[in-house]
Amino acid sequence: MQKTMKLFSAGLLAGLAILATGCGSDADKRPSGTLISISSQAEASRAPDIANISAGVITEASESDAAMQANAAQMDKLMKAIKKAGIDDKDIQTSGINLMPRYDYQPNRERQLLGYQAHNNVNITVRKLDELSKVIDLLAAEGANQIHGPSFSIGEPEPLLAEAREKALKQAQARAESYADALGTKVRRIVSISEGSHGGIPRPMMRAEMASAKDSAGTPVAVGETSVSVNLELVFELTK
């Protein structure tokens, strides 16, 4: 058993990053024991409070200016509906305007121009999730023939990040103590901490293309939960 523990400890030591201590006037402030680097990652979740939707209008016409004019008229109606739904101006942003020709491709002959297709899309932030279904139905009823989303997020993620950070710290501390026990040492202190990137865990987005939502049931929406994650890199000092 002792031989096995010695081999285990030797293998473990070989895999750890061991840094030599320096000398000089600041030597007493520097680590004097074994240093180990530990990575940890933790998540925290809660129901989101913000939804983002992309809504747009596609129109077609034989001439480019006619396609754009039809699109502008339909988009103006849609924008009025968005504001009528109580969406603030700061939460409405145009994301793309496109005009492109449509061709008929047939084998062994030149392509023929069929007309033009105009696109106009706008990103919308909905801050009252209990009204999200109503907003989606209103967009469809007032002319949106493309709807993408919703994607959910948390407006103030810092409290949730703090929760995930605490979990990651406890996880790293437990791992450091496990290494210390295996090596017959103790954890003296944390020498350094660095935090990696974090953010909301991606969720699948719903995509819908609809002509009208009049006289139909409300669009069902499931909010679920949104998670944030924290990645930590810690260096611990082990001592006898």
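Residues numbered from 1 in each chain as written. Predicted model: local features only at pLDDT ≥ 70, side-chain atom pairs only at ≥ 80, totals over all residues. Heavy atoms only, no water.

Further remarks concern the side chain of serine 40. One can find serine 40 in strand β1 (residues 34–46). In this structure the side chain of serine 40 is engaged in a polar contact, spanning 3.0 Å, whose partner is the backbone oxygen of alanine 168. Leaving out residues up to four positions away in the same chain, serine 40 has contacts with Ala168, Gln171, Ala172, Arg175, Val230, Asn231, Leu232 and Leu234. (Helix = DSSP H or I, 4+ residues; strand = E, 2+ residues; numbered from the N terminus. Polar contact = N/O pair within 3.5 Å; in protein donor to acceptor, adjacent residues only side chain to side chain. Contact = heavy atoms within 4.5 Å.)

So, on to the sheet that holds strand β8 (residues 226–239). As summarised here, the arrangement of the three strands in space is β1-β8-β6, forming an open sheet in which the pairing is antiparallel. Each having just a single partner strand, β1 and β6 (186–195) make up the two edges of the open sheet. For this sheet the average axis-to-axis angle between neighbouring strands, irrespective of direction, equals 30°. (Pairing = 2+ DSSP bridges. Axes fitted to C-alpha atoms, helices over the stretch in contact; angles between N-to-C directions.)

The predicted model of the chain averages 83 in pLDDT, with 78% of residues at 70 or higher. Note that residues 1–25 has pLDDT below 50 and, in this model, 23 contacts with residues that lie over four places away or in other chains. Low pLDDT, under 50, characterises residues 202–215; the predicted model gives this stretch 29 contacts beyond four residues in sequence or across chains. (pLDDT = per-residue confidence, 0-100.)

Turning to the pairing of strand β4 (residues 112–126), a few remarks are in order. Relative to β4, strand β2 (residues 50–61) runs antiparallel, the two being bridged by 11 bridges. When the bridges of β4 are listed, threonine 59 appears paired with alanine 118. Note: strand β3 (residues 92–104) against β4, 12 bridges, orientation antiparallel. Bridging from a neighbouring strand, aspartate 104 pairs with glutamine 112 of β4.

Grouped together as the largest cluster of nonpolar side chains are 21 residues, with contacts concentrated most on Ile82, Ile124, Val126 and Leu139. For this core, the secondary structure elements donating two or more residues are β2, α2 (64–84), β4 and α3 (132–141). The greatest single-element share of this core, amounting to five residues, is contributed by α3. Ignoring sequence-local partners within four residues, the contact set of isoleucine 124 consists of Ala51, Asn52, Ile53, Ala55, Ile82, Ile87, Asp91 and Leu139. Counting 19 residues, the second largest nonpolar core, distinct from the first, contains Ile154, Ala164, Ala172 and Leu232. (Core = buried A, V, L, I, M, F, W, Y, C linked by side-chain atoms within 4.5 Å. Buried < 20%, exposed > 50% of the residue type's maximum accessible area, 1.4 Å probe, protein only.)

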